[in-house]
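Below, each chain spelled out in residue letters.
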Amino acid sequence: MITLKNTGNDVFIDGGVCAAKGFKASGVYCGIKDNPTKKYDICMVVSDVLCNAAAVYTLNKVKGAPITVTKKNLEKTGGKAKAIIANSKNANTCNADGEEKAYKMCCLTAEALGIKPEEVIVASTGVIGQILPIEPIEKAMNPLTEKLSYNGNEEAATAIMTTDTVKKEVAVEFKLGDKVCHLGGMAKGSGMIHPNMATTLNFITTDAAISSEMLQKALSEIVKVTYNCLSVDGDTSTNDMVCVMANALAGNNEITAENSDFEVFKKALFTVMMNMTRMLAKDGEGATKLLECNVSGADNLDTAITVAKSVIRSPLLKCAMFGSDANWGRILCAVGYADAEFDINKVDVSISSAAGKIDVCKNGAGIEFSEDIAKTVLTEDEITIDISIGNGNGSATAWGCDLTYDYVKINGDYRS
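**Student:** Looking at this structure, I do not really get the confidence of the model for the protein chain. What am I missing?
**Tutor:** The predicted coordinates of low-pLDDT regions are not to be read in fine detail. Per-residue confidence for the protein chain averages 91 on the pLDDT scale, and 94% of its residues sit at or above 70. Confidence drops under pLDDT 50 across residues 192-199; counting only partners more than four residues distant or on other chains, this segment forms 50 contacts.

**Student:** Just to check I follow, could you spell out the nonpolar core for this structure?
**Tutor:** Phe 174, Phe 265, Val 311, Ile 331, Val 349 and Ile 387 are the most contacted members of the largest nonpolar core, which totals 75 residues. No other element matches helix H6 (residues 260-282), which puts 11 residues into this core. Residues contacting Ile 387, with those up to four places away along its chain left out, are Cys 293, Asn 294, Val 295, Ser 296, Val 311, Ile 331, Val 335, Val 347, Asp 348 and Val 349.

**Student:** Could you clarify how one ought to interpret helix H5 (residues 212-225) in this entry?
**Tutor:** Residues separated by three or four positions in an α-helix point in the same direction, a consequence of the helix having 3.6 residues per turn. Helix length check: H5, at 14 residues, gives a terminal C-alpha distance of 21 Å against a target of 20 Å (1.5 Å per residue), a fit within 8%. Taken residue by residue, H5 has Ser 212, Met 214, Leu 215, Ala 218, Leu 219, Ile 222 and Val 223 as its buried positions. Seen along its axis, H5 keeps its buried residues to an arc of 165°; they face one direction. In this structure, the buried side of H5 is in contact with strand E3 (42-57), strand E9 (241-246) and H6.

**Student:** Can you help me understand the pattern of salt bridges in this one?
**Tutor:** Any two side chains of opposite charge can pair, given that their charged atoms come close. A full pass over the atoms with the stated rule returns 17 salt bridges. Measuring nitrogen to oxygen at the nearest pair gives 3.7 Å for the salt bridge that ties Lys 217 to Glu 258. Of this pair, Lys 217 sits in helix H5 while Glu 258 is found in the loop between E9 and H6, placing the two residues 41 residues apart along the sequence. Judged by relative accessible area, which is 54%, Glu 258 ranks as exposed. With its nearest N and O atoms 2.5 Å apart, the salt bridge here joins Lys 266 to Glu 221. Pair noted here: Lys 266 is in helix H6 and Glu 221 is in helix H5, with a separation of 45 residues, a long-range link. Overlapping salt bridges bring together Lys 5, Arg 278, Lys 282, Glu 292, Asp 381 and Glu 382 as one network.

**Student:** Would you mind showing me how to read the pairing of strand E4 (residues 80-87) here?
**Tutor:** Remark: a regular strand shows side chains that alternate across the two faces of the sheet. Within E4, seven of the eight residues are buried, which leaves the element mostly enclosed by the surrounding structure. Taken together, the seven bridges between E3 and E4 define a ladder with antiparallel strand orientation. Following the sheet pairing, Val 46 is matched in E4 by Ala 83. Relative to strand E5 (residues 120-124), E4 runs parallel, the two sharing five bridges. Paired with Ile 85 across the strands is Val 122, a residue of E5. The parallel pair E4 and E5 is bridged by helix H2 (residues 98-113), and the resulting crossover is right-handed.

About the thresholds
Residues numbered from 1 in each chain as written. Predicted model: local features only at pLDDT ≥ 70, side-chain atom pairs only at ≥ 80, totals over all residues. Heavy atoms only, no water. pLDDT = per-residue confidence, 0-100. Contact = heavy atoms within 4.5 Å. Core = buried A, V, L, I, M, F, W, Y, C linked by side-chain atoms within 4.5 Å. Buried < 20%, exposed > 50% of the residue type's maximum accessible area, 1.4 Å probe, protein only. Helix = DSSP H or I, 4+ residues; strand = E, 2+ residues; numbered from the N terminus. Expected span 1.5 Å × (residues − 1). Arc of directions from axis to C-beta. Salt bridge = Lys/Arg side-chain N within 4 Å of Asp/Glu carboxyl O. Pairing = 2+ DSSP bridges. Right-handed = clockwise from strand over helix to strand, strands pointing away.

Below, the structure is given as C-alpha cells:
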C-alpha cells in the first residue's frame, strides 16, 4: 500500500464510504460469474436520508448501460440520490438488453429499500459484451439489505474489485465552520486505465451540506487534476464513473456558492481523490512501481497537465522504470511529443525515490550522473519524476505505473 499524502489540514480516518454520518454499506457474493473462491461481486451503499449528488462519466463513445441509466436518474431527480448498487465481473456493456438490466437493478434496489428507482446510482465493471444475468442480482437483494452496516465499507470496497489486488479506500475529517465533517471513498481499477475521467469506478460520500450544483462543480474541478491525470495502459474504459453523495448530516451551513467553506470542501475532496488516484496507479495490472510525474514552470495548468500525462503514459518509459534503467532520453522524448507549447531548451529533469535523487537533464541536454546511484534510486517501488519546462506558474502531477511481463499475462487471459 501507499503512504497517504495530506495536502491540507484534513485528518485521515478509517471508514471509507461509511466514514461520513448516515451511510451504510454491504457486499456479498451472488454468482454473477462462477467463482470457486466466492469473492464478493455486488455491493450496496445507502444513506439514511436523501442526498445531493454529482457524477462524472467516461468520455469513451462506447458507454456501459449503467452510465446511461445513472445519468437519466440524476437528471430526473435534479441531482438527488439515496443509494448505490454496483457489481463486478460483468460490465453490462454492448448488450441489447443492457439498459433494461441496469434499470432493473435500480428497481430491485428501490423495492428492497423502499425508495424510488431514480434515487439509485447503478454501476457495473468487468468483461464487456457478455449478457448480465439478472437472477443472481435479484437473489442478492435480501442478503445485501440485511447486511447493511455503518461498518460495511470494506465489504463494499472488496465487491467492486476485478483484477485489483487490494481494496482502495480513503477517508478524512475536516471542519466547516464549527461543524466536524467527514468525506470518504472507495475505488476500483487496475487495468484499462487512461486519462479521460478516471477510467475506474469511484464512489465518494460526505455528511457535509453542499448543493448539487456546487458538488458537481467541485467534483469536475478535482477530477481534472486527479483521476484525469492517471494512466496505467492508455485504454479508456467504457464504464468509468465517479459519483459523490452528500447527505448534510454534519449540520454545517449548506455550501451554495464559491466561498471559503467551498474551498475547504474542495481540499478535502482533493485529498481523498488524489490518494485514491495514487492507489489506482500503484495497483496497475502487473505493476511493481508507482510513478509520479511533477511538471512545473509551465505557462498554465493545461500545459503542465498535458506534459505530465504524456510522460506518465509512455510505454517505453514504463518499461525502463520496470527495469530500473535511468534512460532519461525516454522522458525527454515523451515531453517532446506532448501537444503543448514550451521551449525544450529550458527543460530540466530529475528522478528521485526514498533512496535518493539524481539530476539527469539540464536545459534540454543530458548531464553526467552515476549509473550505480541511479539504479539504487530506481529500485524503489515509488518513483518521482520532476520536470521543469520554464519559468511559468503552471504546475501539475500525473500518476502511473511501470509496464511488466505480468500485464501481458493478465490481459492475455482476462476473460477466463
